[in-house]
Amino acid sequence: MHHEPDACPESGTDARTETGSEKRPETGPAAGPETGCPSIGSTGTAGSTGSTESAGSTGTPAPTGCPATAAAPAATPTPGPTPALFSWQFAADPYPAYAWLREHAPVHRTRLPSGVEAWLVTRYPDARQALADARLSKNPVHHSESAHGKGKTGIPGERGANLMTHLLNIDPPDHTRLRRLVSKAFTPRRVAAFAPRIQELTDQLIDGFAQRGSADLIHEFAFPLPIYAICDLLGVPPEDQDDFRDWAGMMIRHGGGPRGGVARSVKKMRAYLAELIHRKRADLGDDLISGLIRASDHGEHLTENEAAAMCFVLLFAGFETTVNLIGNGTYALLRHPAQRELLQKSIAAGDAELLATAVEELLRYDGPVELATWRYATRELTLGGQRIAEGDPVLVVLAAADRDPARFDEPDVLDLTRRDNPHLGYGHGIHYCLGAPLARLEGQTALATLLTRLPDLRLAAEPDDLRWRGGLIMRGLRTLPVEFTPESATEMPSEPSRPGTAA
């Protein structure tokens, strides 16, 4: 599931906007970053634009909290202009630009497409340190911007729907209390018990296109699988799960849907969750929502808003990360046939160990969460040699940290046998992704079943023709067209319950 540590990132909703190259800071390179963690949250409204000229550039006054050019110590000039960030071209392959930042400006202040200015942290040691840094708060109240600027951060629509009080927006002690309440749903034992249902859903979805010989793996497989899984976990009745799929689809489309569609979908989901919580009180089950109600009734002081926000973020954060894990992971395997063949042979031989390391490597190599969710400096501090002012937003670039050559051997090489792989795809510290065990289960089940049932799976489009979804936080393909030899009806597994219907 998605994930930012905690529930896991869901996504940013800013459509990436093409921008010009950023001017290099006159102050020279910084030593290294210091923040991070995957998560959801976005930087503004779809299609918003803004200058990407960095703080301290020639002719631009240094923003509050950014060292003034005249006062900066002498440093080696940064070679060449800063690469253009957050354009559609950048989205297709951000890794060269991140490599440049890691080397020359590892803690880099930039203006995001929404107009909000934030620090990007790109080196692994600083990213890991920042994920556990108590001086960097998750609570947007610490953002120094105006109320208008604050509305451009976080999950789209959460403010208007009164869904702000969740794990991705709070610090201890409230974070500790809420995380303890929900953590029981993601214990290894409970996740293992959920494995047959994940396999059932996976086979059912593949059945829908296996005899056709072609499919869009995003819309027909990677997207619905985690939606139905998280609905089952929350206790959403089967007859209501297609509504959740529609609402989630609107959120994941970001700028591609009708104007205001994301906010409307969030409000509909909020209203539904409030009504479902009310219904569950009269008929408690073994699901997560019933568990939250029981905890509240036993003195855990869980408000109705907290319960609704918790369910919302688990669904919101818990599905797009898995969509992208399956989509990006399958795409990477199709682009690396030798690695894909190695994995297929291992699966056929019943070797679960390589499947587990493969998913970890796919999370590192081109993971579902590109930037960690928002953090805000609660007081002035220094990150990687840069002075960060109180209230400044900090974004850890997980995609850059997980390809840091100072930490990973041959970081740009996909190696499914990689053992030394402490990637930050699920975060670090108290915000480590709460749903990581479920996400790993879904990823392993989906990839193993695809490669087993459709062994000659292949891309049905040129890589340059594929498009990546707009958004600041998450990284995922819009579509993934594939072809394969059709399964005959006799080869298909026995008919399971339809997606959305619990076994």
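Structure: above.
This structure is a prediction, so every number in the text was calculated from the model and none was measured. (Residues numbered from 1 in each chain as written. Predicted model: local features only at pLDDT ≥ 70, side-chain atom pairs only at ≥ 80, totals over all residues. Heavy atoms only, no water.)

Participant: Requested: an account of the sheet that holds strand β2 (residues 117–121), with residues and values cited.
Facilitator: Sheet architecture is open: five strands sit in the order β1-β2-β8-β5-β3, paired in mixed fashion. For this open sheet the edge positions go to β1 (107–111) and β3 (136–137), each flanked by a neighbour on one side alone. Sheet topology places β3 next to strand β5 (residues 375–377); two bridges connect them, and they run antiparallel. Across the sheet, S137 pairs through a bridge with Y376, a residue of β5. (Pairing = 2+ DSSP bridges. Helix = DSSP H or I, 4+ residues; strand = E, 2+ residues; numbered from the N terminus.)

Participant: Go over the pairing of β2 with me, naming the residues and quoting the values.
Facilitator: Burial of β2 is extensive: five of the five residues sit out of reach of the surface. Across the two faces of β2 the burial is the same, with E117, W119 and V121 and A118 and L120 all buried. Summarising the sheet, β1 and β2 pair through five bridges and their orientation is antiparallel. Its bridge partner lying in β2, V107 is registered against V121. Between β1 and β2, which follow one another and run antiparallel, lie five residues, and G115 among them has a positive phi close to 100°. In this structure, β2 lies alongside strand β8 (residues 393–396), joined through three bridges in parallel fashion. Bridge pairing links L120 to L395 in β8. (Buried < 20%, exposed > 50% of the residue type's maximum accessible area, 1.4 Å probe, protein only.)

Participant: Now, about the environment of L459: what can you tell me, with residues and values included?
Facilitator: Following the sequence through the fold, L459 ends up in strand β9 (residues 458–459). Overall, the relative accessible area of 21% leaves L459 in the partly exposed class. For the pair L459 and S214, spaced 245 residues apart in sequence, the C-alpha to C-alpha distance is 9.6 Å. For L459, the residues in contact, after removing those within four places along its chain, are Y331, L334, R335, L466, L480, P481 and V482. (Contact = heavy atoms within 4.5 Å.)

Participant: I'd love a proper account of the pattern of salt bridges, names of residues and values included.
Facilitator: In total, this model carries 25 salt bridges according to the counting rule given. Between E200 and R197 there is a salt bridge; the shortest N-O distance is 2.7 Å. Within this pair, E200 and its partner R197 are both found in helix α6 (residues 188–207), separated by three residues, close to a single helical turn. With relative accessibility at 8%, the residue R197 sits in the buried group. Residue R458 pairs with D456 through a salt bridge whose shortest N-O separation is 3.4 Å. Assessed through its relative accessible area of 27%, D456 is described here as partly exposed. Here the salt bridges share partners, and the residues they tie into one network are R109, R111, E117 and D392. (Salt bridge = Lys/Arg side-chain N within 4 Å of Asp/Glu carboxyl O.)

Participant: Which residues make up the nonpolar core, and what values do they have?
Facilitator: Counting residues in hydrophobic clusters, the biggest one holds 71 residues, and the most contacted among them are F221, L234 and F244. Apart from residues lying up to four places away in sequence, L234 is in contact with D287, L288, I289, C311, L314 and L315. Counting 43 residues, the second-largest nonpolar core is a separate cluster that includes L85, L101, V121 and W374. (Core = buried A, V, L, I, M, F, W, Y, C linked by side-chain atoms within 4.5 Å.)

Participant: Outline the packing of aromatic side chains, supporting the account with residue identities and numerical values.
Facilitator: Taken as a whole, this structure holds 11 aromatic pairs when the rule is applied. Here F223 and F319 contribute two aromatic rings whose centre-to-centre distance is 6.0 Å and whose plane-to-plane angle is 75°, an arrangement assigned as edge-to-face. With a gap of 96 residues between them, F223 in the loop between α7 (217–222) and α8 (224–234) and F319 in helix α12 (residues 304–335) connect regions that are remote in the sequence. Of the two residues, F223 and F319, both sit in the buried class. The rings of F86, F90 and Y98 are connected pair by pair, giving a single aromatic cluster. Taking the ring centre of F408 as reference, the NZ or CZ of R364 above it sits at 5.5 Å. (Phe/Tyr/Trp six-rings, centres within 6.5 Å; stacked < 30°, edge-to-face > 60°. Lys NZ or Arg CZ within 6 Å of the ring centre and 35° of its normal.)

Participant: Please give an account of helix α14 (residues 352–366) that cites residues and values.
Facilitator: Helix length check: α14, at 15 residues, gives a terminal C-alpha distance of 22 Å against a target of 21 Å (1.5 Å per residue), a fit within 8%. Counting buried residues in α14 gives 12 out of 15 residues, a clear majority hidden from the surface. Sitting at the head of α14, D351 places a side-chain oxygen 3.0 Å from the backbone nitrogen of E353. (Expected span 1.5 Å × (residues − 1). Polar contact = N/O pair within 3.5 Å; in protein donor to acceptor, adjacent residues only side chain to side chain.)

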